[in-house]
Amino acid sequence: MSESILQRNIGSQFTYWKEYPERDIEFVRWYPCKIEKLGPGTVLDAPQSKIDNCVLYLHIPFCTVICTSCPYNKVPTRNDLMEQYLKALRREIESYARNPYFQGVTFTAGAFGGGTPTALRTDQMRELLSWLRGSFNLAKDFQLTVESTPNDIDEQKAEVMLEGGVDRISLGVQSFHDHLLRHLGRARTHTRERALSVIEMLRRIGYQNLGIDYMMGIPGQTWEQWEEDTRILLQLPVTSFSIYNYLVLPGSEAYFRLQSGAIPPCPNGELVDAMYTYFVAQVLSNDYVAVTHNAFGGPGREWVDRGARFFPIPNTEGKPYRGMESAGLLKQLYHSWYEGGDTLALGSGACGFLNSYMYLNEPKIPQYMEIAGDGRFPYTWGAYVSPEERMHRSLALGLKLLRYRRDDFRRLHGVDLYEVFGDTIDDLLEKELVTLDDAALQVTFPKGWHYIDNICKAFYSEENRLLPQPSTVSTEILRWQVA
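A. Structural context of the overall build of the protein chain. The number of helices and strands found in the protein chain is 19 helices and 20 strands. Relative to its 483 residues, the protein chain shows a buried fraction of 58%. Sequence separation of 24 or more characterises 73% of the internal contacts of the protein chain that already satisfy a separation of 6 or more. Accessible area of the protein chain: about 19,600 Å², with a carbon and sulfur share of 50%.

Right, here's the structure in full:
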């Protein structure tokens, strides 16, 4: 594991599948991967069953500052384009709200992602939140997360969001070292001082559930800087946080800047692995709890009153590490990944799951606006997920939450998970990547956490094996895949 992050990630479109003992680094977030063109009306044309609950994901593809290595569907902020986009988005919301499939359905959680949702003006954000509340039946404890950067949110916008029902902000801090932020393309207004002041402001005006994102493997990042960032985090008034590997996409601005020497090299893979191990040990030792291998909440006592349940994470040091078993912190992930529930995807490039279909919305903004503006559903690619594939999907995505209860699998699918996947589970047991007892199938710590995406892909069906995750950035890879 001494290769650099640059070497490990460049060309990943041709190395998206690794077999143990090689470590797979393609982040599993959607299933199935074998998709095809979806015709008009496909997804909601013939309802398979009636649903009671749903979550939603809404994509805002605009960024005031675009990070040099960002892989997501986004364009630079432009006021006229945002106005046109929001008109199309409103039509899409109205189209779904009128559809019989959503009559009587309660939305329990939602998320605005991007891009940068807070690139919207304050008045635009107010209107968008109003459209949602006026269109769908939202639960009393509806959990709505909005992603932001420190330079795209101010007190007025934050107050409007709080009044509009946003109860969780996910803040892309990435690092508290200004020169590392410059290497990410965050040089203008995102500084350590700005990030700390925004966190203080959000807590002061009433946000009780605040999350931040960190990055490992940033060009020029050192062990000492990572230690300091970890210490700072443990002193912050945040209730959740996630860590991600810095990604270098072929042909990206970061790729060329690294190749030319304009920015320093990334730390090597061995150092990044050590950063991850150190970080996890620090947060779990301080009563924070794991939701996934890279998302954490806490301290754990903060979630007891919210109905959270926990499970022990065995470790060689015998420390009381814990994971969160229930939906208390991230309802969105629990509903869609663990429960396999419906997710309504709104906006260009969004991915959803409705009526036993996994689907992708048109990622090209002009085409999306034309389709949604005409009152048509903008999904373009996807796949019907059969009852058999739903069992694969439960473990391929559900194990991202580190533990899958056997009684939950039986409740959802009418059969024990070992009866269906005994050979796969035996292989993972032999590799010491999972444990199995009468209660649950659980990812081992720390070994299984390092191989989490290998584990998830082990539960792919034969027709999905060796296929890449569908990309919402461009449909070109999709056309190649199904050609």
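What follows continues from the structure just given.
B. Representation of the pattern of salt bridges in the model. For the structure shown, the criterion picks out 27 salt bridges. One salt bridge in this structure joins K457 and D24, with 3.0 Å as the shortest N-O distance. Highlighted residues: K457 in helix α18 (residues 452–457) and D24 in the loop between α1 (5–9) and β1 (36–37), separated in sequence by 433 residues. Residue class for D24 comes out buried when judged on its relative accessible area of 3%. Among the salt bridges present, the one from E94 reaches R90, with a minimum N-O distance of 3.5 Å. Highlighted residues: E94 and R90, both in helix α3 (residues 79–98), separated by four residues, approximately one helical turn.

C. Examining the sheet that holds strand β20 (residues 440–443) more closely. If you walk across this open sheet you meet the three strands as β18-β20-β19, and the pairing is antiparallel. Unpaired on one side and paired on the other, β18 (403–405) and β19 (434–436) mark the two borders of the sheet. The mean inter-strand angle of the sheet, taken between neighbouring strand axes irrespective of direction, is 10°. Against the sheet, helix α16 (residues 417–430) contacts β18, β19 and β20, and its axis sits at roughly 135° relative to β19.

D. Seen up close, the packing of helix α12 (residues 331–338) against helix α14 (residues 387–398). As a packed pair, α12 and α14 sit with axes 8 Å apart at the nearest point and diverge in direction by 145°. Where α12 abuts α14, its residues S336, W337 and Y338 lie against R393, S394, L397 and G398. Residue classes in the contact of α12 with α14 are distributed as three nonpolar, three polar and one charged.

E. Quick look at the packing of aromatic side chains. Counted according to the given criterion, the structure contains 30 aromatic pairs. Aromatic pair F102 and F107: ring centres 6.1 Å apart, planes at 20°, arrangement stacked. Neither F102 nor F107 differs from the other in exposure class; each is buried. The rings of Y96, Y101, F102, F107, F136, Y359, F377 and Y379 are connected pair by pair, giving a single aromatic cluster. The ring of W30 has R29 sitting right over it, with the charged end atom 5.4 Å from the ring centre. The positively charged end of R322 is found above the aromatic ring belonging to F310, 4.4 Å away from the centroid.

F. Layout of the nonpolar core. Counting 122 residues, the largest nonpolar core has L344 and W449 as the members making the most contacts within it. Considering every element that reaches this core, the biggest residue donor is α3, with eight residues. With residues up to four places along the chain from it excluded, the contact list for L344 reads C54, V55, L56, Y57, Y96, F102, F107, F136, L354 and Y359. Counting 11 residues, the second largest nonpolar core, distinct from the first, contains L180, L181, L184 and I218.

G. Structural view of the side chain of K157. Structurally, K157 can be placed in helix α5 (residues 155–163). For the buried K157, no salt bridge exists, and the shortest N-O distance to an oppositely charged side chain is 5.8 Å, to D154.

H. Highlighting the pairing of strand β15 (residues 351–354). By the alternation rule, side chains of β15 split into C351 and F353 and G352 and L354, which are all buried. Bridge count for β15 against strand β16 (residues 357–361) is four bridges, and the pairing is antiparallel. Looking at β16, one finds that C351 is bridged to L360. Two successive antiparallel strands, β15 and β16, enclose a turn made up of two residues, where N355 displays a positive phi of approximately 55°.

Reading guide: rules and limits
Residue positions are given per chain, counting from 1 as you read along its sequence in written order. Local features are withheld for residues below a pLDDT of 70 in this predicted model, meaning they are given only at 70 or higher, and side-chain atom pairs are given and counted only at 80 or more; totals for whole chains, interfaces and linings count all residues. Hydrogen atoms and water are omitted, and side-chain values are computed over all heavy atoms in the structure. Put simply, DSSP marks the helices as runs of H or I at least four residues long and the strands as runs of E at least two long, and each gets a number from the N terminus on. Working definition: with a 1.4 Å probe on protein chains only, accessible area under 20% of the residue-type maximum means buried, over 50% means exposed, and in between means partly exposed. The contact rule is simple, with two residues in contact once any of their heavy atoms fall within 4.5 Å. The Shrake-Rupley method, run with a 1.4 Å probe sphere, supplies the accessible areas, and residue values consider only the shown protein chains as cover. Salt bridge, as applied in this entry: a Lys or Arg side-chain nitrogen positioned within 4 Å of an Asp or Glu carboxyl oxygen. Should DSSP find at least two bridges between two strands, the strands are regarded as paired. Axes here refer to lines fitted to C-alpha atoms; in helices the fit is confined to the stretch in contact. Angles between the N-to-C directions go from 0 to 180 degrees. Charged residues are taken to be Asp, Glu, Lys and Arg, nonpolar residues to be Ala, Val, Leu, Ile, Met, Phe, Trp, Tyr, Cys and Pro, and polar residues to be all remaining types, Gly included. Side-chain rings of Phe, Tyr and Trp, where Trp is taken by its six-membered ring, are said to pair if the distance between their centres is within 6.5 Å; with planes under 30 degrees apart they count as stacked, over 60 as edge-to-face, and otherwise as tilted. Consider the ring centre and the ring normal. A charge sits over the ring if Lys NZ or Arg CZ is within 6 Å of that centre and within 35 degrees of that normal. By nonpolar core is meant a set of buried Ala, Val, Leu, Ile, Met, Phe, Trp, Tyr and Cys residues that side-chain atoms within 4.5 Å join together. Charge convention: Lys and Arg are scored as positive, Asp and Glu as negative, and His as well as the terminal groups of each chain are ignored.

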